[in-house]
Amino acid sequence: MSGRPVTVRRGASPAALLLVAAAAAWVWLVTRSGGMQAMPGTMGVGLPAFLALWTLMTAAMMLPATAPVAALYARTITVRRTPRMIVFTVAYLLVWAAAGVPGYALAAGLGRAADLPATAGTAVASAVFAVNGVYQLTPLKDRCLAKCRSPVGHLLRYASYPGPSRDLRAGAHHGAFCLGCCWSLMVLLAAFGVMNLWAMLVLTAVVSAEKLAPAGRLLARAVGLASIALAGAVFWFPALAPGLTAGGMTG
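Residues numbered from 1 in each chain as written. Predicted model: local features only at pLDDT ≥ 70, side-chain atom pairs only at ≥ 80, totals over all residues. Heavy atoms only, no water.

**Notes on the overall build of the protein chain**
No. 1: Of the regular secondary structure elements, the protein chain holds 10 helices and 0 strands.
No. 2: Within the protein chain, contacts between residues separated by at least 24 positions form 81% of all contacts whose residues are at least 6 apart in sequence.
No. 3: For the protein chain, the exposed area adds up to about 11,600 Å²; of that, 73% sits on carbon and sulfur atoms. (Helix = DSSP H or I, 4+ residues; strand = E, 2+ residues; numbered from the N terminus. Contact = heavy atoms within 4.5 Å. Areas by Shrake-Rupley, 256 points an atom, 1.4 Å probe, with all protein chains shown as cover.)

Following this line, the structure appears as structure tokens:
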């Protein structure tokens with residue numbers, strides 16, 4: 001009886017810290033993003049500013065679903081828990097920050113579709129939806145999602161990492177699987193508008209439900225089928241992809 005409250009308290013603290021960090025990122029995005037969500041592509045900013053916004057955005061969207069894994073990992077740490085969990089979280093976010101470099105190139109390329117004739121932009125939007133839909137149904141998506149949903153095996157592996165780099169390696173390793181699980185969902189922001197807050201909110205709910213809900217794997221497949229349906233529907237309703245068709249850019 002005496003050990004149970006200590007275990008719960010130690011596990012809950014890192015999760016709470018990640019949720020606070022995610023909430024702070026959301027507050028910044030909502031209050032400071034201004035009219036950027038109405039702009040296609042890279043929103044007219046350079047790579048450094050884009051990476052800063054991208055990292056904040058991924059922190060807001062991904063940390064809520066990562067909090068339970070962080071809480072489990074924290075239970076394997078007996079000393080200096082808070083600073084080591086900060087290293088774990090920073091390493092996790094660095095993986096997503098690195099993904100922002102090709103993300104910037106992709107956004108710059110896809111953003112040009114907004115200046116093309118309407119049919120071209122719609123075709124690009126359809127391709128974006130189709131890519132996500134197909135990937136959601138692939139074995140690779142299923143494998144990465146399984147590792148995010150059931151990370152106990154990885155936690156045992158992390159515990160065997162030697163030396164002071166353990167937390168850095170563990171955070172980066174988990175971040176890589178999270179990236180493999182969710183990259184195609186993030187690509188959808190090119191269609192919806194990179195800083196479209198409503199799209200970010202919906203995708204955050206999808207990511208969290210895929211990883212945490214009992215029927216998360218079934219939901220992932222349903223999202224894939226829905227995305228394939230959107231690939232066809234966007235030809236009749238171009239405003240479904242405001243980031244690429246210049247329709248309803250504010251969402």
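**Quick notes on the packing of aromatic side chains**
No. 1: The tally for this structure, following the rule as stated, stands at 5 aromatic pairs.
No. 2: The interplanar angle of 20° and the centroid separation of 6.2 Å between the aromatic rings of Phe50 and Trp54 together place this pair among those described as stacked. Separated by 4 residues within a single helix, Phe50 and Trp54 lie in helix H2 (residues 47-74), roughly one turn from each other. We note that Phe50, like Trp54, is buried.
No. 3: Aromatic rings pair up to connect Phe50, Trp54 and Tyr104 into one cluster. (Phe/Tyr/Trp six-rings, centres within 6.5 Å; stacked < 30°, edge-to-face > 60°. Buried < 20%, exposed > 50% of the residue type's maximum accessible area, 1.4 Å probe, protein only.)

**Examining helix H9 (residues 216-233)**
No. 1: Look at H9: 25 Å from first C-alpha to last across 18 residues, which is about the 26 Å you get at 1.5 Å a residue.
No. 2: Buried within H9 are the following residues: Gly216, Ala220, Val223, Gly224, Ser227 and Ala231. Along the axis of H9, the buried positions cluster into a sector of 105°, meaning they face one direction only. Summarising the geometry of H9, the exposed residues directed more than 90 degrees from the buried face are Leu218 and Leu225.
No. 3: In the core, the buried residues of H9 are packed alongside helix H4 (118-136), helix H5 (139-149), helix H7 (166-192) and helix H8 (197-212). (Expected span 1.5 Å × (residues − 1). Arc of directions from axis to C-beta.)

**Here we look at the confidence of the model for the protein chain**
No. 1: A residue-level look at the protein chain finds 87% of positions with pLDDT of 70 or above and a mean pLDDT of 83.
No. 2: Note that residues 1-12 has pLDDT below 50 and, in this model, 5 contacts with residues that lie over four places away or in other chains.
No. 3: Note on residues 247-251: pLDDT under 50 across the span, and 13 contacts to partners over four residues away in sequence or across chains. (pLDDT = per-residue confidence, 0-100.)

**Description of the packing of H4 against H9**
No. 1: Put simply, H4 and H9 touch, their axes get as near as 7 Å, and they point 155° apart. Comparing their axes, H9 and H4 come out roughly antiparallel. The two elements H4 and H9 cross, and the hand of that crossing is left-handed. For the pair H4 and H9, the contacting residues are Ser126, Phe129, Ala130, Asn132, Gly133, Val134 and Gln136 in the first and Ala220, Val223, Gly224, Ser227, Ile228, Leu230 and Ala231 in the second. (Axes fitted to C-alpha atoms, helices over the stretch in contact; angles between N-to-C directions. Parallel < 35°, antiparallel > 145°, perpendicular 65-115°, else oblique. Left-handed = near helix turned anticlockwise from the far one by under 90°.)

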